[in-house]
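# What the coordinates show
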Amino acid sequence: MIKFYTILPDNDDIGGARQATKVSIMLQEIGEEFETIDLDRRSFVRPRDSEYRKLNPNGRVPTIDDDGFVLWEAGTILQYLAETRPAARALLPASGRQRFEILKWISWDGSTMTPDLVIACPLKITQEANGFVGADMEAMLLAAGCAPVLLMGHDAEKDKAAWEQAVDMLQWDYHVLEMALKGKRYFGGDDFSIADIALGVVTPIAFLLGIDIKQHPNVRNWLLRVAERPSFQNTYSFMDHMAAAERDGLM
Ligand SMILES: N[C@@H](CCC(=O)N[C@@H](CS)C(=O)NCC(=O)O)C(=O)O
């Protein structure tokens, strides 16, 4: 049985590992049995001498162990499962242009959307009343690969300019998604694919930053479509971020 290493929200003060939910959603979509190994972020994931780093030297989740084959990087795990499990064939065609269209979105998420969110999250804190990046928050952001946090909180004008630039980048990312969904139900076309799993997990994170997607109706309708799937409904962070959108009138 696949072992799935993650950080669940229950005992984690920042709501668990969003990237890892891509894998648990995939495993549920294909009906694969798996064992969840819930790690403590501070004591098991981050320490450079931890046992876990022998599996994943990055000190990040997700990681899977499929009968001795250890794999990390959420997007690659999605592709691996799609190609090794017959039940997952519909989630990534074996050849043809649609396959590369889908893989393009997996790559774009890892190289563009997720990094833009990672930059914007700490900058948002600088814009909140009494917001400041305290020592614990700073350690968390540094572990998550966000070194620019060290430059924040010293100059209010520069923080504001950087936050506005980060929001502008994210708004453009939503515009890219909006155009891609024109006339389509899903990113690969008519059918749900691994691209929808990856982007379905990260897209709603922007709601935590108060980013409004009302001017992007295709993205909204796609998100609502994705939200009907039991695998997403079972995912606490996704449901929480969608509830924030509803509460704050962002969709
Ligand atoms: N590129 C990696 C990124 C994984 C990642 O950033 N995971 C975060 C959770 S969402 C993590 O493990 N953070 C560890 C920490 O905060 O110490 C992937 O896509 O799998």
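An account of the accompanying structure is given in this report. (Residues numbered from 1 in each chain as written. Predicted model: local features only at pLDDT ≥ 70, side-chain atom pairs only at ≥ 80, totals over all residues. Heavy atoms only, no water.)

### Structural notes on the packing of aromatic side chains
For any two aromatic rings, the description comes down to two numbers: the centre-to-centre distance and the angle of the planes. Taken as a whole and judged by the stated rule, the model has eight aromatic pairs. These aromatic residues form a ring-pair network of at least three members: Trp105, Trp108, Phe187 and Trp222. Across from the ring centre of phenylalanine 100, 6.0 Å away, lies the NZ or CZ of arginine 99, which sits over that ring. The ring of phenylalanine 192 is capped by arginine 229, whose NZ or CZ atom sits 3.5 Å from the centre of that ring. (Phe/Tyr/Trp six-rings, centres within 6.5 Å; stacked < 30°, edge-to-face > 60°. Lys NZ or Arg CZ within 6 Å of the ring centre and 35° of its normal.)

### Regarding the pairing of strand β3 (residues 63-66)
Along β3, one buried face is formed by Thr63 and Asp65 and the opposite face, lined by Ile64 and Asp66, is buried too. Note that strand β1 (residues 2-6) and β3 share three bridges and pair antiparallel. Of the residues in β3, the one forming a bridge with phenylalanine 4 is isoleucine 64. With four bridges joining them, β3 and strand β4 (residues 69-72) adopt antiparallel strand pairing. When the bridges of β4 are listed, aspartate 65 appears paired with valine 70. In sequence, β3 turns back onto β4 through a hairpin of two residues, with aspartate 67 there showing a positive phi of about 55 degrees. (Buried < 20%, exposed > 50% of the residue type's maximum accessible area, 1.4 Å probe, protein only. Helix = DSSP H or I, 4+ residues; strand = E, 2+ residues; numbered from the N terminus. Pairing = 2+ DSSP bridges.)

### Notes on the site of the ligand
Residues in close proximity to the ligand include Ala17, Arg18, Gln19, Arg41, Arg46, Gly59, Arg60, Val61, Pro62, Glu73, Ala74 and Ala143, which together make up its full environment. Contacts to the ligand include valine 61, whose backbone N or O atom sits 2.8 Å from an oxygen atom. Alanine 74 places a main-chain nitrogen or oxygen 2.9 Å from an oxygen atom of the ligand. Protein burial of the ligand: of its 520 Å² of free accessible surface, 83% is covered by the chains. Tallied by class, residues from the shell around the ligand come to five nonpolar, two polar and five charged. (Near = heavy atom within 4 Å. Polar contact = N/O pair within 3.5 Å; in protein donor to acceptor, adjacent residues only side chain to side chain. Areas by Shrake-Rupley, 256 points an atom, 1.4 Å probe, with all protein chains shown as cover. Nonpolar A, V, L, I, M, F, W, Y, C, P; charged D, E, K, R; others polar.)

### As for helix α8 (residues 194-202)
With nine of nine residues buried, α8 lies mostly within the body of the structure. Three or more residues of α8 are buried, namely Ile194, Ala195, Asp196, Ile197, Ala198, Leu199, Gly200, Val201 and Val202. Capping the start of α8, serine 193 holds a side-chain oxygen 3.1 Å from the backbone nitrogen of alanine 195, two or three residues further along.

### Here's the deal with the sheet that holds strand β2 (residues 34-38)
Overall, mixed pairing links the four strands, which are arranged β2-β1-β3-β4 in an open sheet. Either end of the sheet is taken by a strand with one partner, and the two such strands are β2 and β4. Here the average twist between neighbouring strands, direction ignored, is 20 degrees. (Axes fitted to C-alpha atoms, helices over the stretch in contact; angles between N-to-C directions.)

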